[in-house]
Amino acid sequence: MVDRNQSTFHIILLIVLCGALYFPYLDSTPFFDKGEPREAMAVQDIVQRGEWLVPLKRATDIPSKPPLFHWSAALTSRVTGKLNEATIRFPSALYATVGVLILYLLGQKLFGTRVALLGAAILATTSVYADQALSARVDMTLSFFVTLSLVLFYSLYRGFLTSQLWYYVFYALLGIGTLAKGPLGIVLPALVIGTFVAVKRRWDLVPKFCLHPGVVLTVVLGTGWYVVAVTRGGEGFFDRQILQENLSRFAGGSGHNHPPYYYLPYLFALGAPWCLFLPFVLWDAVKQGFRSEEDSLFLKVWFVAMFVFFSVAMGKRSVYILPLYPALSLLMALWFYHHGVATGGRIFFYRILAAVAGVLASLLLIIALGSLWNHDPSWFFSSIERFLKAKDRANLELVKNSLATFGWSFTMVSLLSSLLWLSLARCLWSSRLRPGAHRLVLISILLAFVIRAIVMPVIAEAKSYRPFMEEVNQRVKPGDKLYLYGGAFNSDPVVFYRGGPIETLEQPAETVAAKIGRGSAYLILAERNWVKLQKLNPSLPPPLLKSTGTGPEGDARIVLVQAEAL
């Protein structure tokens, strides 16, 4: 009864942790990059046209990913009656939260409640996981179903689940996982399971799992939608989602090509702030090899198999390795609890980390005390402004202005963070790693506030086209003719914030320049294209509207002009 009460308390703690890290920030930033508005348009197509089976972008373009994430976001929008950044990002936050709880339940079965709680907290606060929990993209959906499939497999393997019904649930999850991001939903779990079986030499499991009747569920759910989608989308769908997004991406020739060592630095960068301890965890794991006991062996196979697979693949993006972090988080928690007495060189390296933490604590304390003295939270950044490039100074100015609006709250966060970093430094200096890990969880919560409530919103507003499109929608009524012209800017967010497809104009610049300035139609184009049209026709009147947002790359302001129907 005590363990059950403790488990319930831990689950509540994790829900509160994820609630503090993810959900308050779902609508804190408008869409401003290339990925989110691209997926948002497919959600928009489902909500507006009711096209659930094969949603399209701009009502004509085949999306690059299967629709499981889009279905989840569209369902959220239907339930809430809203189609905005928060409802479209909500599924990622929900999948992330449930994924944390699933990892806790697995860790509890394998290693006990304390290791499970720390492992789940590490996963929730790892930077790449927290970032994708707030992203309107498919990666968290894939990570969730891969994690759930592997947890279910190992629970069946260990005998935690004995009913035959769970086998069918396992195969159904594999099939559904393909609707998150294609064949990876099956390939990644199969790779980990196959490697684990080979390492354990449990060849008896091959017919048990491969010849199970539930395989039919995987085949039906995994291929059923693709068969229907190919009949609807034809050769274009097959080329886009099967060839380009899977085979070409793996073998090269579809963009994002990088060398095999590409993920080595990202493994650490994306694992912040826990990357402080990652070298020690990996070093001890390598020394132990595959001779570890069965439960930690499964986690090691999970991590290594996925890391090797993504490293071998030619097409690489940093976020692809997201599904290996659940295993790494639980391995790290296990390391914290099983870490022995530090001696010799290990103490030296821990004290180097302690010195780094102490410097950060001192810096934050100076910022906090300086803001109290100057009554200006952004005072510290003014002193470093002259050392930055012009573009970086512009971004810093935005952050400074944002800090000024937070006033005392930022000062208190800086002061509290300073105390936590100082406490972490003391723990590291005396090699008390487990208390240090608890402090790092608290530091992550405060860091999330600074990044997501202060830094990211001002950067997003500087790049987003949302304010511009809000003005456009006030001026250009739904029945008015509106066109997009030129390819010098990313028009996906423009289309999304317009609320529906916009016709693209493909005419010579001379023809367009002759018709601008009068008429009942409107044209949205990049400012650089507008300058070119002005050179062709110097008598053109100034644009009706000009965006403050510069687009995903930070170099593409757009304008609205009036023109004859084209």
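Relevant structure appears above.
What comes next is a walk through the structure. Since the structure is predicted, the reported quantities are computational estimates derived from the model, not experimental observations.

Attention now moves to the side chain of Arg498. In this fold, Arg498 is placed in helix 22 (residues 492-498). Lacking a salt bridge, the buried Arg498 has Asp480 as its closest oppositely charged neighbour, with an N-O distance of 6.3 Å. Of the polar contacts made by the side chain of Arg498, one reaches the backbone oxygen of Lys477; its length is 3.1 Å. In this structure, Arg498 is in contact with Met469, Val472, Asn473, Val476, Lys477, Pro478 and Leu482, ignoring residues within four places of it in sequence.

With that settled, the discussion passes to the pairing of strand 5 (residues 558-563). Within strand 5, five of the six residues are buried, which leaves it mostly tucked inside the rest of the structure. Here strand 3 (residues 516-526) runs beside strand 5; their pairing, made up of seven bridges, is antiparallel. If you follow Tyr522 over to strand 5, its bridge partner there is Gln562. When strand 4 (residues 545-546) meets strand 5, the two strands line up antiparallel, connected through two bridges. By the bridge assignment for strand 5, Leu545 is matched with Leu560.

Pairing within the open sheet is mixed, and its five strands lie in the order 2-1-3-5-4. Sheet topology places strand 2 (503-505) and strand 4 at the edges, where each strand pairs with a single neighbour. In this structure, strand 1 (residues 482-485) lies alongside strand 2, joined through three bridges in parallel fashion. When the bridges of strand 2 are listed, Tyr485 appears paired with Leu505. Lying on the sheet, helix 24 (residues 527-536) is in contact with strand 1, strand 3, strand 4 and strand 5; it crosses strand 3 at an angle near 135°.

The rules we used
- Residues numbered from 1 in each chain as written.
- Predicted model: local features only at pLDDT ≥ 70, side-chain atom pairs only at ≥ 80, totals over all residues.
- Heavy atoms only, no water.
- Helix = DSSP H or I, 4+ residues; strand = E, 2+ residues; numbered from the N terminus.
- Buried < 20%, exposed > 50% of the residue type's maximum accessible area, 1.4 Å probe, protein only.
- Lys, Arg positive; Asp, Glu negative; His and termini not counted.
- Salt bridge = Lys/Arg side-chain N within 4 Å of Asp/Glu carboxyl O.
- Polar contact = N/O pair within 3.5 Å; in protein donor to acceptor, adjacent residues only side chain to side chain.
- Contact = heavy atoms within 4.5 Å.
- Pairing = 2+ DSSP bridges.
- Axes fitted to C-alpha atoms, helices over the stretch in contact; angles between N-to-C directions.

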